[in-house]
Every structure is written in C-alpha cells, then in structure tokens.
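# Structure assessment
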Amino acid sequence: MKHEKIRKNGEFQVVYRRGRSFANHLLVLYVFKNRRNQIQGVPYNRIGISVSKKVGKSVVRSRVKRLISESYRLNKDVFDTGYDFVIIARVSSHDKSYAEIEKSLMHVFKKAGLKNDEKNTVTIN
C-alpha cells in the first residue's frame, strides 16, 4: 500500500534521529513509534529500505531491496503495529539468498522486541 512506505528524506531523518537501532551481520533496523500511523483508529507500520552504493551496482541493490521488501511483506502480520521502520542493508548482504535475508530480518525484529510469536501459533481443539 502506498501509505505504508517511507519515501521522503525528512521522514528517514526523523526515524534515524528519534528512533532506536538494532543490527546483525546483514541488516540494521531503525524503529520509531509513530502515533500518527493510524487509519480510522487502526495502527499500521511504515517501512523504508536503504541500500548503499557500497553494496553493489544498481542491479544488485535492487535485488537486495526486493528481497528485503518481500520478506517483510510475507511476515508483516507477525510484527507489532504503529511503527516506522527503516531497514539498511549492509555490504555483506549483496550475495545472500532470500532465506538468509528473511532469517536476518526476523532476527533483527526479534532483537528489537517487535516480533509476536503468538500470531503464528495454531490452536488445536
């Protein structure tokens, strides 16, 4: 959805300055609790992805962005809502597979305390 993306430099800067950061060997996650992220009282998350030119040429950077955004999209129901996230890819992520990026993303969200495991559980009656 269009309202779920961070696009402007000023929005990135707010998350960098006022948010908290968590990192692992592939990704850095900045988290900022944004109380304005609500549509009709229902909170939602916004995400921005940054990949430096140090990671590689444009094809490699686009691939890394696509892997991160797809991993987030498939797992976004597991994360807490009402936040702005900025995910920065480190140089070591340039040749990683989807599974490695997804595992790294889940790890950094768990490290931040934003991953809800109870949404994945299946109850058997």
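Check the entry above for the structure.
Note that the structure is a prediction, hence the values are computed from the model and not measured. (Residues numbered from 1 in each chain as written. Predicted model: local features only at pLDDT ≥ 70, side-chain atom pairs only at ≥ 80, totals over all residues. Heavy atoms only, no water.)

### Overview of the nonpolar core
The condition that has to hold: Only buried Ala, Val, Leu, Ile, Met, Phe, Trp, Tyr and Cys residues count toward a nonpolar core, and they belong to the same one when joined by side-chain atoms within 4.5 Å. Exposure categories follow from relative accessible area, calculated using a 1.4 Å probe and restricted to protein chains: below 20% of the type maximum is buried, above 50% is exposed, and the middle band is partly exposed. Secondary structure follows DSSP: runs of H or I at least 4 residues long count as helices, runs of E at least 2 residues long count as strands, and numbering of each begins at the N terminus.
Core analysis: the largest hydrophobic core is formed by 25 residues, its most contacted members being L29, V31, F85, I87 and F109. Breaking this core down by element, the ones donating at least two residues are β2 (27-33), β5 (46-51), α2 (58-75), β6 (83-89) and α3 (98-112). Among the elements that take part in this core, α3 stands out by supplying six residues, more than any other. Counting five residues, the second-largest nonpolar core is a separate cluster that includes I6, F12, V15 and V86.

### Structural notes on α2
Keep this limit in mind: A helix is expected to span 1.5 Å for every residue after the first. Arc definition: it is the arc formed by the directions from the helix axis to the C-beta atoms. Every residue pair with non-hydrogen atoms within 4.5 Å of one another is taken to be in contact.
The terminal C-alpha atoms of α2, which comprises 18 residues, lie 26 Å apart, in line with the 26 Å expected from a rise of 1.5 Å per residue. Of the positions making up α2, those classed as buried are R61, V64, L67, I68, S71, Y72 and N75. The buried residues of α2 occupy an angular sector of 125° when projected down its axis, which confines them to one face. Summarising the geometry of α2, the exposed residues directed more than 90 degrees from the buried face are V59 and R66. Next to the buried residues of α2 lie β2, β5, β6 and α3.

### With respect to the side chain of D80
What counts, and what does not: N or O atoms within 3.5 Å of each other form a polar contact, as long as, within protein, one can give a hydrogen and the other can take it, and as long as residues adjacent in sequence are counted only when both atoms are side-chain atoms.
Within the fold, D80 resides in the loop between α2 and β6. Of the polar contacts made by the side chain of D80, one reaches the side chain of N116; its length is 2.6 Å. Each residue touching D80, except ones within four places of it in the same chain, is listed here: N45, F85, G113, L114 and N116.

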